[in-house]
Amino acid sequence: SRFGKLITIKFDRLGAICQSSVVAYLLEKSRVVFQSPNERNYHIFYELIAAAEEDQNLRAQLRLDSCEAFNYLSRSGVTR
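Bear in mind that the values here come from a model prediction, so they are computed numbers and not experimental data. (Residues numbered from 1 in each chain as written. Predicted model: local features only at pLDDT ≥ 70, side-chain atom pairs only at ≥ 80, totals over all residues. Heavy atoms only, no water.)

### Notes on the overall build of the protein
Point 1. Counting its regular elements, the protein contains four helices and two strands.
Point 2. For the protein, the N- to C-terminal ordering of α and β elements is β-β-α-α-α-α.
Point 3. Of all 80 residues assigned to the protein, the portion counted as buried reaches 16%.
Point 4. The contacts in the protein between residues at least 6 apart in sequence include a share of 33% that link residues at least 24 apart. (Helix = DSSP H or I, 4+ residues; strand = E, 2+ residues; numbered from the N terminus. Buried < 20%, exposed > 50% of the residue type's maximum accessible area, 1.4 Å probe, protein only. Contact = heavy atoms within 4.5 Å.)

Put into structure tokens, the structure is as follows:
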């Protein structure tokens, strides 16, 4: 299936359901494992790396390198 659902259920201290949510999303495997020219995937990683360029402690803690060092971030040639 190309669709998925994330179901979150929260329980109170007595074990009764007190909150729940359902999030539906489209699974696009081709966009996850392949990038078209000039396209970026995994946008959060670009943001983390940009933050780590300014914060050396974050860079060391998360063991981040430049975008070019990561296969999934550099396949399309767009690293910024």
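Moving on from the coordinates now.
### Points about the nonpolar core
Point 1. Within the largest apolar cluster, six residues are counted, these being Tyr 46, Ile 49, Ala 52, Leu 64, Cys 67 and Leu 73.
Point 2. In terms of residue count, the dominant contributor to this core is helix α2 (residues 43–54) (three residues). (Core = buried A, V, L, I, M, F, W, Y, C linked by side-chain atoms within 4.5 Å.)

### What about the pattern of salt bridges?
Should the charged atoms of two oppositely charged side chains come close, the side chains can pair.
Point 1. In the structure shown here, the tally under the stated rule is one salt bridge.
Point 2. Of the charged contacts in the structure, one is a salt bridge between Arg 59 and Asp 65, with a shortest N-O distance of 3.6 Å. (Salt bridge = Lys/Arg side-chain N within 4 Å of Asp/Glu carboxyl O.)

### Remarks on a nonpolar patch on the surface
Point 1. On the surface, a cluster of nonpolar side chains totalling about 520 Å² of accessible area is made up of Ile 7, Ile 9, Phe 11, Ile 17 and Val 22.
Point 2. For the nonpolar patch, the secondary structure elements donating two or more residues are β1 (3–11) and β2 (17–26).
Point 3. Here the element with the most residues in the nonpolar patch is β1; it accounts for three residues.
Point 4. Among the structural elements, Ile 9 can be located in strand β1.
Point 5. Relative accessible area serves as the criterion here: at 42%, Ile 9 is assigned to the partly exposed category. (Patch = residues over 30% accessible without salt bridge, like charges linked within 9 Å, V, L, I, M, F, W, Y side chains within 5 Å. Areas by Shrake-Rupley, 256 points an atom, 1.4 Å probe, with all protein chains shown as cover.)

### Quick notes on α2
Point 1. With twelve residues, α2 ought to run about 16 Å at 1.5 Å a step, and its terminal C-alpha atoms sit 18 Å apart, in line with that.
Point 2. When α2 is considered as a whole, its buried residues turn out to be Tyr 46, Ile 49 and Ala 52. Buried residues of α2 fall within an arc of 125 degrees about the axis and therefore sit on the same side. For α2, exposure combined with an orientation more than 90 degrees from the buried face picks out Ile 44, Glu 47 and Glu 54.
Point 3. If you follow the buried residues of α2, they end up packed against α3 (56–62) and α4 (71–74). (Expected span 1.5 Å × (residues − 1). Arc of directions from axis to C-beta.)

### Description of the pairing of β1
Point 1. For β1 and β2, the ladder comprises nine bridges, and the chain directions are antiparallel. Along β2, the bridge assignment pairs Ile 7 with Val 22. (Pairing = 2+ DSSP bridges.)

### Focus: unusual backbone geometry
Point 1. The phi dihedral of Arg 63 falls on the positive side, at around 55 degrees, and the residue is not glycine.
Point 2. Turning to its location among the elements, Arg 63 is positioned in the loop between α3 and α4.

All we've got here are geometric facts, nothing functional implied.
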